[in-house]
Amino acid sequence: MAKQPPQNDPFRKYNLTFAERLYLPAIAKGMSVTLSHFFRKPVTIQYPEQRAEVSHRFRGRHTLKLDEFGRERCVGCQMCELACPADAITIQAAEVPPERRHLHLTERYAATYEIDLLRCIFCGMCEEACPEAAIFLTPFYEFADDSREKLIYTKKMLTEKTGGPIFYKD
Ligand code: SF4
Ligand code: SF4
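The following paragraphs examine the structure supplied in this document. What you see is a predicted model; the values in this text were computed from it and never measured.

## Section: the site of ligand 1
Part 1 of the argument: Close to ligand 1 lie 13 residues, the nearest being Cys84, Cys120, Cys123, Gly124 and Cys126.
Part 2 of the argument: When atom positions are compared with the pocket grids, ligand 1 is found to occupy the second largest cavity.

## Notes on the sheet that holds strand β5 (residues 152-153)
Working definition: the strands of a sheet are paired by backbone hydrogen bonds and lie parallel or antiparallel to each other.
Part 1 of the argument: Read across the sheet, three strands follow the order β2-β3-β5 without closing on themselves; strand pairing throughout is antiparallel. Every other strand in the sheet has two partners, leaving β2 (89-95) and β5 as the edge strands with one partner each.

## Re the nonpolar core
Part 1 of the argument: Counting residues in each nonpolar core, the largest one holds 23 residues, and the members touching the most others are Ile89, Tyr113, Ile115, Leu117 and Ile135.
Part 2 of the argument: Ranked by residue count, the leading element in this core is strand β3 (residues 108-116), at three residues.
Part 3 of the argument: Once residues within four sequence positions are removed from consideration, Ile89 is found in contact with Cys80, Glu81, Cys84, Tyr113, Glu114, Ile115 and Cys126.

## Concerning the site of ligand 2
Part 1 of the argument: In the vicinity of ligand 2 lie 14 residues, with Cys74, Cys77, Gln78, Cys80 and Cys130 positioned nearest.
Part 2 of the argument: When its residues are assigned to classes, the shell around ligand 2 shows 11 nonpolar, two polar and one charged.

## Observations regarding the packing of aromatic side chains
Part 1 of the argument: If you walk through the whole model with that rule in mind, you get two aromatic pairs.
Part 2 of the argument: Aromatic pair Phe58 and Tyr141: ring centres 6.0 Å apart, planes at 70°, arrangement edge-to-face. With a gap of 83 residues between them, Phe58 in the loop between α2 (24-38) and β1 (62-64) and Tyr141 in the loop between β4 (135-137) and β5 connect regions that are remote in the sequence.
Part 3 of the argument: Look at Phe58 and you get partly exposed, because its relative accessible area is 31%.

## A look at the environment of Phe69
Part 1 of the argument: Take Phe69: it is sitting in the loop between β1 and α3 (79-83).
Part 2 of the argument: By relative accessible area, Phe69 is classed as exposed at 63%.
Part 3 of the argument: Sequence spacing of Phe69 and Ile152 is 83 residues, and the spatial spacing of their C-alpha atoms is 28 Å.

## Points about the side chain of Asp67
Part 1 of the argument: Mapped onto the elements, Asp67 comes out in the loop between β1 and α3.
Part 2 of the argument: For Asp67, a relative accessible area of 3% corresponds to the buried category.
Part 3 of the argument: For Asp67, the side chain forms a polar contact with the main-chain nitrogen of Phe69, separated by 2.8 Å.

The rules behind the values
- Residues numbered from 1 in each chain as written.
- Chains lettered and ligands numbered in written order.
- Predicted model: local features only at pLDDT ≥ 70, side-chain atom pairs only at ≥ 80, totals over all residues.
- Heavy atoms only, no water.
- Near = heavy atom within 4 Å.
- 1 Å grid on protein atoms, 1.4 Å probe; cavity = no way out; pocket = protein on both sides within 12 Å on 5 of 7 lines; lining within 4 Å.
- Sits in = over half its atoms within 2 Å of the grid points.
- Pairing = 2+ DSSP bridges.
- Helix = DSSP H or I, 4+ residues; strand = E, 2+ residues; numbered from the N terminus.
- Core = buried A, V, L, I, M, F, W, Y, C linked by side-chain atoms within 4.5 Å.
- Buried < 20%, exposed > 50% of the residue type's maximum accessible area, 1.4 Å probe, protein only.
- Contact = heavy atoms within 4.5 Å.
- Nonpolar A, V, L, I, M, F, W, Y, C, P; charged D, E, K, R; others polar.
- Phe/Tyr/Trp six-rings, centres within 6.5 Å; stacked < 30°, edge-to-face > 60°.
- Polar contact = N/O pair within 3.5 Å; in protein donor to acceptor, adjacent residues only side chain to side chain.

This is how it looks when you write it as structure tokens:
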């Protein structure tokens, strides 16, 4: 390699050798990196035939939990809506109709509960804020769809059937 001018000279000119003018050292360096990867285990997977295992800390699509008696754990307190930094949650709370009392923990419930997954940044603040351990983020990440409307998840889409795992907070 030809002798180079000092780094602190803003007007320095590089004296390139003939080989450097033909980019030969740079090409050889690049090819050596490429070759070294030929002998490594590939990190790509053949999705969708193969699925990546996500960390247990991964935060994907939300779920609203029922308790072991099939009652909605969510009491419509709107703490998650307040905590959400992306304004992705919209809740309309209401009084539980008498004929549905057996399906709820309290007299108040979320009559509508929507999460806009296009706004959501999957921070987990809703999960942290919930006093009833009703909402959780799951490892499920395959919810791409072809319209914005389909990515606004309703309470029906979010609620897990009874018998799903229930995580209790301290
Ligand atoms: S994960 Fe974060 S951004 Fe998404 S709904 Fe919950 S609080 Fe909002
Ligand atoms: S999910 Fe939790 S924080 Fe959100 S409204 Fe229901 S009970 Fe309140």
